[in-house]
Every structure is written in C-alpha cells, then in structure tokens.
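# Chain and residue survey
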Amino acid sequence: MVNHRQAQELLTAVTYVGRRGRGRRLIALFACTYYAALRPAEAVGLRVQDCHLPTEGWGRLTIDGSRPEVNTQWTDTGNAHVERGLKHRGR
C-alpha cells in the first residue's frame, strides 16, 4: 500500500524521466492510478473530453474504455495499444 507521501515522491520523481513531455504523461498516469484508482489501461484511455475538472475541489472522470498495451504483432493495426471495453462493466 502506498501512502500519500510516497505517492507525492513518485509524482515528483517521474518529472525527471525522459524527454519531450514524457514525465508529464507519467505524472498523469500515476496520479490517475493513485487518486482515481484507475487501472493503468483505463488511465491511458482517458481523453480530454472525459475529464471534468473544476478550478477548485473534486472533479469527475468518465471512463468509457480501456487501452491495454499489447505486442504489436498481435494487433491488426500494428499499434501498441488496442481499444477495449471496461472489464466486467457495460458501456
């Protein structure tokens, strides 16, 4: 189990990863998994229109699908992520 201090340290540490905004994407991924309890594939599948974030207080994320990472040889498109529905939930 991760406590709040550990989560904050992780979010700070990933800002130093890679180039060209990779750290910002990792912050978003890990923040969604920690604060919103999303699965990693659900966080990757988030779009801007799915995020309802007020300037103050709590926001809302509408989870419509999942984008798990798979080996590119197993996809029809050659992409590393495939669009899937949510596990054990209807649309």
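### Regarding the overall build of the chain
When helices and strands are counted, the chain shows three helices and two strands. Listing the helices and strands of the chain from first to last along the sequence gives α-α-α-β-β. Relative to its 91 residues, the chain shows a buried fraction of 22%. The long-range share in the chain, meaning contacts at least 24 apart out of those at least 6 apart in sequence, stands at 24%. Of the accessible surface of the chain, which amounts to about 7,400 Å², a share of 53% is contributed by carbon and sulfur atoms.

### Focus: the packing of aromatic side chains
Summed over the entire model, instances satisfying the criterion amount to one aromatic pair. Aromatic pair Tyr-34 and Tyr-35: ring centres 4.8 Å apart, planes at 80°, arrangement edge-to-face. Judged by relative accessible area, Tyr-34 falls into the partly exposed class, the value being 31%.

### Quick notes on the confidence of the model for the chain
When the pLDDT values of the chain are averaged, the result is 81; 74% of them are 70 or greater. Averaged over each element, pLDDT in the chain is lowest for helix α3 (residues 40-44) (86) and highest for helix α1 (residues 4-13) (94).

### A word on the side chain of Asp-50
Turning to its location among the elements, Asp-50 is positioned in the loop between α3 and β1 (51-52). Residue classification places Asp-50 among the buried positions, given a relative accessible area of 5%. Non-local contacts of Asp-50, meaning those with residues more than four positions away in its chain, are made with Gly-45, Arg-60, Leu-61 and Thr-62.

### Quick word on unusual backbone geometry
Although it is not a glycine, Ala-37 sits at a positive phi angle of roughly 55°. Here Ala-37 lies in the loop between α2 (22-35) and α3. With relative accessibility at 66%, the residue Ala-37 sits in the exposed group.

### Considering α2
In this model α2 runs 20 Å from its N-terminal to its C-terminal C-alpha over 14 residues, within 8% of the 20 Å that 1.5 Å per residue would give. Burial in α2 covers these residues: Gly-23, Leu-26, Ala-31 and Cys-32. Taken together, the buried residues of α2 touch α1, α3 and β2 (60-61).

Criteria and thresholds
- Residues numbered from 1 in each chain as written.
- Predicted model: local features only at pLDDT ≥ 70, side-chain atom pairs only at ≥ 80, totals over all residues.
- Heavy atoms only, no water.
- Helix = DSSP H or I, 4+ residues; strand = E, 2+ residues; numbered from the N terminus.
- Buried < 20%, exposed > 50% of the residue type's maximum accessible area, 1.4 Å probe, protein only.
- Contact = heavy atoms within 4.5 Å.
- Areas by Shrake-Rupley, 256 points an atom, 1.4 Å probe, with all protein chains shown as cover.
- Phe/Tyr/Trp six-rings, centres within 6.5 Å; stacked < 30°, edge-to-face > 60°.
- pLDDT = per-residue confidence, 0-100.
- Expected span 1.5 Å × (residues − 1).

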